[in-house]
Amino acid sequence: MYVALIARDKPGALEIRKANRADHLAYIEATGIVAQAGPLLDDAGEMAGSLVILDVETMADAKAWAAGDPYAKAGLFSGVELIQWKKVIG
């Protein structure tokens, strides 16, 4: 099943994001369950959150992935939503 992870960065946390970006991208590569991903942008075009589409067996798998994300471990996010998602186009 697909799960959409939608996370918003804490205000003023752009440097935390930048400092942990390489580890986050390596985690995506190593885990092999990310179908699509990219940053959410603020009005100035700066990274301000994340949208990650996970291809997992269970919601528990999605929760475990989210907890292991280096961004989450660094305290980047003010909140994270995990929502089951149905792919229709693409």
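Preceding block: the structure.
Let me sum up the structure you'll find in this document. As the structure is a prediction and not an experimental result, all values here were calculated from the model.

Observations regarding the pattern of salt bridges
Line of reasoning, step 1. As enumerated under the stated definition, the model contains two salt bridges in all.
Line of reasoning, step 2. Of the charged contacts, one joins Arg17 and Asp9 as a salt bridge, the two residues approaching to 2.7 Å between their closest N and O atoms.

Overview of helix α2 (residues 59–68)
The periodicity of an α-helix, 3.6 residues per turn, causes residues three or four positions apart to be oriented the same way.
Line of reasoning, step 1. Taken as a whole, α2 has its buried residues at Ala62, Trp65, Ala66 and Gly68. Projection of α2 onto a plane perpendicular to its axis shows the buried side chains occupying an angular sector of 165°, all on one side. Along α2, the residues that are exposed and aim more than 90 degrees away from the buried face are Ala60, Lys63, Ala64 and Ala67.
Line of reasoning, step 2. The elements touched by buried residues of α2 are β1 (2–9), α1 (14–31), β2 (34–41), β3 (47–55), α3 (70–73) and β4 (77–85).

Notes on the nonpolar core
Line of reasoning, step 1. Leu5, Leu54 and Trp65 are the most contacted members of the largest nonpolar core, which has 15 residues in total.
Line of reasoning, step 2. Elements that contribute at least two residues to this core include exactly β1, α1, β3 and α2.
Line of reasoning, step 3. Look past the residues within four positions of Trp65 in its chain and what remains in contact with it is Leu5, His24, Tyr27, Ile28, Thr31, Ile33, Val34, Val52 and Leu54.

Topic: the packing of aromatic side chains
Line of reasoning, step 1. Under the defined criterion, the tally for this structure stands at three aromatic pairs.
Line of reasoning, step 2. When the centroid spacing of 5.7 Å and the interplanar angle of 70° are considered together, the rings of Tyr2 and Trp85 count as edge-to-face. Of this pair, Tyr2 sits in strand β1 while Trp85 sits in strand β4, and the two are 83 residues apart along the sequence.
Line of reasoning, step 3. Overall, Trp85 belongs to the partly exposed group, its relative accessible area being 34%.

Concerning the side chain of Arg17
Line of reasoning, step 1. Following the sequence through the fold, Arg17 ends up in helix α1.
Line of reasoning, step 2. Taking relative accessible area as the criterion, Arg17 reaches 2% and is therefore assigned buried.
Line of reasoning, step 3. Beyond its immediate stretch of four places on either side in the chain, Arg17 contacts Asp9, Pro39, Met47, Ala48, Gly49, Ser50, Tyr71, Leu76 and Phe77.

Thoughts on the sheet that holds β3
Line of reasoning, step 1. The sheet built from four strands is open, its strands ordered β2-β3-β1-β4 with antiparallel pairing. Among the strands making up the open sheet, the edge pair consists of β2 and β4. Adjacent strand axes in the sheet meet at a mean angle of 15°, parallel and antiparallel pairs treated alike.
Line of reasoning, step 2. With seven bridges joining them, β1 and β3 adopt antiparallel strand pairing.

What counts and what doesn't
Residue indices follow the written sequence of each chain, beginning from 1 at its first position. The model is predicted, so local features are restricted to residues of pLDDT at least 70 and side-chain atom pairs to those at 80 or more, both for listing and for counting; the totals for chains, interfaces and linings are taken over all residues. Values shown for side chains rest on all heavy atoms present in the structure; no hydrogens or waters enter the calculation. Think of a salt bridge as a Lys or Arg side-chain nitrogen and an Asp or Glu carboxyl oxygen that are within 4 Å of each other. A 1.4 Å probe rolled over the protein chains alone gives each residue an accessible area, and that area as a share of the maximum for its type sets the label: buried under 20%, exposed over 50%, partly exposed in between. In this text, helices come from DSSP runs of H or I with a minimum length of four residues, and strands from runs of E with a minimum of two, each type numbered from the N-terminal end. What the arc covers is the set of directions going from the helix axis to the C-beta atoms. By definition in these notes, contact holds between two residues if any of their heavy atoms fall within 4.5 Å. Here the nonpolar core consists of buried residues drawn from Ala, Val, Leu, Ile, Met, Phe, Trp, Tyr and Cys, with membership extended through side-chain atoms lying within 4.5 Å. Each Phe, Tyr or Trp ring, with Trp reduced to its six-membered ring, pairs with another whose centre is within 6.5 Å; inter-plane angles below 30 degrees give stacked pairs, above 60 give edge-to-face pairs, and intermediate values give tilted ones. Between any two strands, at least two bridges found by DSSP are needed for them to pair. Only the stretch in contact is used when fitting a helix axis, every axis being a line fitted to C-alpha atoms; angles between N-to-C directions are given from 0 to 180 degrees.

Function cannot be read off these values alone, since they describe shape.
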